[in-house]
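# Remarks on the overall topology
Given next are the chains, with one letter for each unit.
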Amino acid sequence: MQGSDRADIPAGNAVPVQYLLRSLGRADVLVNGQSVVWPAHSAEELLWFLHANPSGKYRPDILWQLWGLEDTPASANRFRVALHRLRSVLGRPDAVTEERGRYVLHPDLIAASDTYALFEALGHCAHSPNNRTREELLRQALASAQGEYLPHLHGDWVDQARGQYRAAVVSGYLSLWKLHCAARECSLAAQALVQAAQNDPLIGEDHHQHLMICLSSTRGRFAAIEHYRRYRYFLAHEVSDTPMAETARLAERIKEGEPTCVLREAEQLGQSGRQDSQESGV
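In this numbering scheme, every chain counts its residues from 1 along its sequence in written order. Given that the model is predicted, a residue must reach a pLDDT of at least 70 before its local features are reported, and side-chain atom pairs must reach 80 or more before they are shown or counted; all residues, however, enter totals for whole chains, interfaces and linings. To get the side-chain values, take all heavy atoms of the structure and skip hydrogens and water.

Quick look at the overall build of the protein now. Helix and strand counts for the protein stand at 12 helices and six strands. Per-residue burial over the protein gives 42% buried out of 282 residues. Any two residues having at least one pair of non-hydrogen atoms within 4.5 Å are treated as being in contact. Considering only residue pairs separated by 6 or more positions, the protein has 59% of its internal contacts joining residues 24 or more positions apart. Residue exposure ignores everything except the shown protein chains as possible cover, and the areas themselves are Shrake-Rupley values with a 1.4 Å probe. Of the accessible surface of the protein, which amounts to about 15,500 Å², a share of 50% is contributed by carbon and sulfur atoms. Counting from the N terminus, the helices are DSSP H or I runs at least four residues long and the strands are E runs at least two residues long. Exposure classes here rest on a 1.4 Å probe applied to the protein chains alone. A residue is buried below 20% of its type maximum, exposed above 50%, and partly exposed in between.

Spelled out as structure tokens, the structure:
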């Protein structure tokens, strides 16, 4: 490995600064609150490629996956120039380190990103035994997950990362839905399911069924049927498919005004039973 690929100054000598990497929505990199002006697009691409691959990548893989280049002397020189510009614009020679041929973005920079905050909050939520704490962590995580991942970049590598972050956001909203549903907070449960479906219309059809049930219980049968029709239209025009027969039957039940939420129906029956007992003096 040529010495010019390596950082020449130890990490301990770097001037401490504040970094913020915004990858969701409008991508931006801030150093001490100021947006970075990239001297070349290749340097920015290299940053986000390594951000999307926190375990690092070998130079031939970076050249091919990021720019579609073979590992030749000319492309290796392009990589070194992009690497130098990346380190320079961030003001730290250890922004990217190289160990045994693998290039890795510094952990401090990974931790300064909004996607890191998302996964950290989701991770803490999964290990929290308290439902209200889990709800707070989920809301904290989802608040930082507004917008598409790196919308200004294109390529297989960013499409793959985009799918991973979208799946994490959807998982967060589904977890939030389950918490609200268990607490009988029907309106909040419906909102969480709506957000999940908006982020990924191709979530499991069972989730669309649950959303129809939640909407019929909170916003009325017309809202539930409207969602069903939009979902049916989406399947027909995007994936050339149709809803399951079970989903169609659910829509018919909702049209007829049948109660479809088992939990809500059980709760209403319980309240009715208590009221009857009080009236009978039991």
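Looking now at the packing of aromatic side chains. Aromatic contacts are taken between Phe, Tyr and Trp rings whose centres are within 6.5 Å, Trp giving its six-membered ring; a plane angle under 30 degrees counts as stacked, one over 60 as edge-to-face, and the others as tilted. In this structure the tally under the stated criterion is four aromatic pairs. Measuring from centroid to centroid gives 4.9 Å for Phe79 and Tyr103, while their planes differ by 75°, and the two rings are edge-to-face. With Phe79 in helix 3 (residues 73-90) and Tyr103 in strand 6 (residues 102-105), this residue pair connects regions lying 24 residues apart in the sequence. For the pair shown, Phe79 and Tyr103 are each scored as buried. Ring pairing ties together the aromatic residues Phe119, Tyr149 and Tyr165, which thus form one cluster.

At Asn32, a position not held by glycine, the phi torsion is positive, near 55°. With respect to the helices and strands, Asn32 occurs in the loop between strand 2 (28-31) and strand 3 (34-35). For Asn32, a relative accessible area of 47% corresponds to the partly exposed category. Although it is not a glycine, Arg100 sits at a positive phi angle of roughly 55°. Along the polypeptide, Arg100 turns up in the loop between strand 5 (96-99) and strand 6. Judged by relative accessible area, Arg100 falls into the exposed class, the value being 83%.

Turning to the pairing of strand 6, a few remarks are in order. What you see with strand 6 is a clean split: Tyr103 and Leu105 sit on the buried side and Arg102 and Val104 on the side with no burial. A pair of strands is considered paired only if DSSP assigns at least 2 bridges between the two. Where strand 5 hands over to strand 6, the hairpin turn is made up of two residues, of which Arg100 adopts a positive phi near 55°.

Right, let's get into the confidence of the model for the protein. In predicted models, pLDDT denotes the confidence assigned by the predictor to each residue on a 0 to 100 scale. On average, residues of the protein score 86 in pLDDT, and 87% of them are at 70 or above. With pLDDT under 50 throughout, residues 6-12 is counted as low confidence; its partners more than four residues away or in other chains account for nine contacts. When the criterion is pLDDT under 50, residues 265-280 qualifies, and its contacts beyond four places in sequence or with other chains add up to three contacts.

Right, let's talk about the environment of Ala143 for a bit. Tracing the backbone through its elements, the reader meets Ala143 in helix 6 (residues 131-143). Here the alpha-carbon distance between Ala143 and Asp114, two residues 29 residues apart in the chain, equals 9.9 Å.

With 74 residues, the main nonpolar core has Leu46, Leu47, Leu90 and Trp157 as its most contacted residues. Considering each element in turn, this core owes the most residues, 12 residues, to helix 7 (residues 156-182). The residues touching Leu47, leaving out its near neighbours within four places in the chain, are Leu21, Val29, Trp38, Leu86, Leu90 and Leu105. Residues enter a nonpolar core if they are buried and are Ala, Val, Leu, Ile, Met, Phe, Trp, Tyr or Cys, with the set joined through side-chain atoms within 4.5 Å.

Next up on the list: the pattern of salt bridges. Here a salt bridge means any side-chain nitrogen of Lys or Arg lying within 4 Å of a carboxyl oxygen belonging to Asp or Glu. With the rule as written, the count across this model stands at 12 salt bridges. Residue Asp28 is joined to Arg26 by a salt bridge in which the shortest nitrogen-to-oxygen separation is 3.7 Å. The partner of Arg59 in a salt bridge is Asp71, with the nearest N and O atoms 3.4 Å apart. Placement of the pair is Arg59 in helix 2 (residues 59-67) and Asp71 in the loop between helix 2 and helix 3, with a sequence separation of 12 residues.

Taken residue by residue, helix 2 has Arg59, Ile62, Leu63, Leu66 and Trp67 as its buried positions. Viewed end-on, helix 2 has its buried residues packed into an arc of 95°, placing them on one side of the element. Among the structural elements, helix 1 (41-52), strand 4 (57-58), helix 3, strand 6 and helix 7 are those in contact with the buried residues of helix 2. Downstream of helix 2 by one or two residues, Gly68 has phi in the positive range, about 70°. The directions considered for the arc run from the helix axis to the C-beta atoms.

Once that is clear, we can look at the side chain of Glu98. Its place among the elements puts Glu98 in strand 5. Taking relative accessible area as the criterion, Glu98 reaches 9% and is therefore assigned buried. Here the side chain of Glu98 touches Arg100 through a polar contact of 3.5 Å, landing on its backbone nitrogen. Under the rule applied, a polar contact is a pair of N or O atoms within 3.5 Å (in protein, one hydrogen donor and one hydrogen acceptor; residues adjacent in sequence only if both atoms are side-chain atoms). Here the side chain of Glu98 touches Gly101 through a polar contact of 2.6 Å, landing on its backbone nitrogen.

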